[in-house]
Amino acid sequence: MASNWVGELIYEGKAKRVYRVNDELLIMEFKDEVTAFDGARKERAPGKGRLAAAQTVFLMRLLSKYGIRNHLVDWDGDRKILVRGLRMIPIEVIVRNYAYGSFLKRMPLVKPMTRFSKPLVEFHLKSDELHDPLITTDDIIEAGLTRQEQLNEIMGIALRINEILSNYMVSRGLTLVDFKLEFGFDKSGNLVLADEMSGDTMRILINGRHLDKELFRRGASA
Ligand code: ATP
Ligand code: TYD
């Protein structure tokens, strides 16, 4: 389905193009490309943009039902979503239920897929150049990215999102291993969940098999 939304291209990232519609709204266009390792591996994947848009729309609408404020306004039914433009906080918030990925690299004492005693929330600075390094809450406050209360609020929202998504996945026989969130501030200073939620930004298992980008990271073709 085509949309008649128009906007000026203001940013092109690895996974999406961002267009400015007006003071309030942006269009995010999901690309038909899969990338991994900070963009070092990249392949064309027809249909992938629509899939990532559809997953994002489905999950953000699910979260809205539970009162989680997010940026989604509308979907064109294809690769584009209309979102509220935010002042983004340049950090990736990662929630982990099981030991996987970069956690295992920095903490090899824990066996792969060990279930944590409680979900872990961690922060990475968004920087491809530095490979999204792990940062502390003190780092975030000292850099002036958020205030302590806002960071506490982000952690609370991230854990609530984890509860909602984990319950949803379990009810469908899926295991939510880990996922990444991004947040921004709206004009009133409210924290709003932004960016995307898709197989690109979460690890999901079905009977031990991946339903996400992990296969591509391991070398499979798109
Ligand atoms: P990465 O893949 O590491 O997140 P990127 O810049 O390549 O980086 P893309 O997903 O391609 O990521 O680009 C989308 C950009 O739009 C990101 O910089 C993201 O932080 C930003 N963004 C997401 N939602 C909003 C929003 N509601 N308002 C403003 N910017 C947003
Ligand atoms: P993580 O284990 O930290 O990194 P890697 O993917 O390099 O092994 O990833 C945790 C989760 O966060 C995983 O579901 C993928 C997601 N994620 C992103 O969506 N974007 C990113 O830039 C990173 C580093 C992770």
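Here the structure is shown first, and the text comes after it.
The structure reproduced in this document is the subject of the present report. (Residues numbered from 1 in each chain as written. Chains lettered and ligands numbered in written order. Predicted model: local features only at pLDDT ≥ 70, side-chain atom pairs only at ≥ 80, totals over all residues. Heavy atoms only, no water.)

## Examining the overall build of the protein
Thought 1: Helix and strand content of the protein: five helices and 15 strands.
Thought 2: Since a compact globule built from 222 residues should have a radius of gyration of about 17 Å, the 17 Å found for the protein is in line with a globular shape.
Thought 3: Its C-alpha atoms give the protein principal-axis dimensions of about 50 × 40 × 35 Å.
Thought 4: Looking at the 222 residues of the protein, the share that counts as buried comes to 48%.
Thought 5: The contacts of the protein with a sequence gap of at least 6 include a subset with a gap of at least 24, amounting to 56%.
Thought 6: Separation between the mean location of the 34 positive side-chain charges and that of the 31 negative ones in the protein comes to 5 Å. (Helix = DSSP H or I, 4+ residues; strand = E, 2+ residues; numbered from the N terminus. Rg over C-alpha atoms; globule rule 2.2 N^0.38 Å. Buried < 20%, exposed > 50% of the residue type's maximum accessible area, 1.4 Å probe, protein only. Contact = heavy atoms within 4.5 Å. Lys, Arg positive; Asp, Glu negative; His and termini not counted. Charge placed at Lys NZ, Arg CZ, Asp CG, Glu CD.)

## Re the sheet that holds strand β2 (residues 16-20)
Thought 1: Across the sheet, which stays open at both edges, the five strands sit in the order β1-β2-β3-β7-β6 with antiparallel pairing between neighbours. Of all strands in the sheet, those with a lone pairing partner are β1 (8-12) and β6 (72-75), marking the two edges. Across the sheet, the mean angle separating the axes of adjacent strands is 30° when strand polarity is ignored.
Thought 2: As defined by bridge partners, β2 adjoins strand β3 (residues 25-30) across five bridges and the pair is classed as antiparallel. Across the sheet, residue Y19 finds its bridge partner in β3, namely I27.
Thought 3: Its contacts with the sheet place helix α1 (residues 48-65) against β3, β6 and β7 (80-84), and it is angled at close to 135° to β6. (Pairing = 2+ DSSP bridges. Axes fitted to C-alpha atoms, helices over the stretch in contact; angles between N-to-C directions.)

## Focus: the site of ligand 2
Thought 1: Around ligand 2 lies a shell of 15 residues, among which E92, R96, S102, D178 and R203 are the nearest.
Thought 2: Take E92: an N or O atom from its side chain is 3.0 Å from an oxygen atom of ligand 2.
Thought 3: Here R96 contributes a side-chain N or O atom positioned 2.7 Å from an oxygen atom of ligand 2.
Thought 4: Elements represented by at least two residues in the shell around ligand 2 include exactly β9 (91-98), α2 (101-106), β12 (174-185) and β14 (202-206). (Near = heavy atom within 4 Å. Polar contact = N/O pair within 3.5 Å; in protein donor to acceptor, adjacent residues only side chain to side chain.)

## Re the pairing of β6
Thought 1: In this structure, β6 lies alongside β7, joined through three bridges in antiparallel fashion. Counted as the bridge partner of D74 is L82 from β7.

## Quick notes on the pairing of β3
Side-chain direction in a regular strand flips from residue to residue, so the side chains alternate between the two faces of the sheet.
Thought 1: Where burial is concerned, most of β3 is hidden: six out of the six residues are buried.
Thought 2: The hairpin turn running from β2 into β3, its antiparallel successor, is four residues long.
Thought 3: In the sheet, β3 pairs with β7 via five bridges, with the strands oriented antiparallel. Residue pairing in the sheet places I27 in a bridge with L82 of β7.

## Observations concerning the site of ligand 1
Thought 1: If you check the shell around ligand 1, you find 20 residues, and the closest are Y11, K14, K16, K126 and E182.
Thought 2: One of the side-chain nitrogen or oxygen atoms of Y11 is found 2.4 Å away from an oxygen atom of ligand 1.
Thought 3: In this structure, A15 approaches ligand 1 through a main-chain N or O atom, which is 2.8 Å from an oxygen atom.
Thought 4: Relative to its unbound accessible area of 620 Å², ligand 1 is 87% covered by the protein chains.
Thought 5: For the shell around ligand 1, the secondary structure elements donating two or more residues are β2, β3 and β7.
Thought 6: In the shell around ligand 1, the residues fall into nine nonpolar, three polar and eight charged. (Areas by Shrake-Rupley, 256 points an atom, 1.4 Å probe, with all protein chains shown as cover. Nonpolar A, V, L, I, M, F, W, Y, C, P; charged D, E, K, R; others polar.)

## Regarding the nonpolar core
Thought 1: Grouped together as the largest cluster of nonpolar side chains are 42 residues, with contacts concentrated most on I161, L165, L181, F183, L193, M197 and M202.
Thought 2: Among the elements that make up this core, the one with the highest residue count is helix α4 (residues 148-171) (nine residues).
Thought 3: In contact with L165, not counting residues within four places along its chain, are L59, L62, L63, L176, F179, M197 and M202.
Thought 4: If you look at the next biggest cluster of nonpolar residues, it comprises five residues, including W5, Y19, I27 and L82. (Core = buried A, V, L, I, M, F, W, Y, C linked by side-chain atoms within 4.5 Å.)

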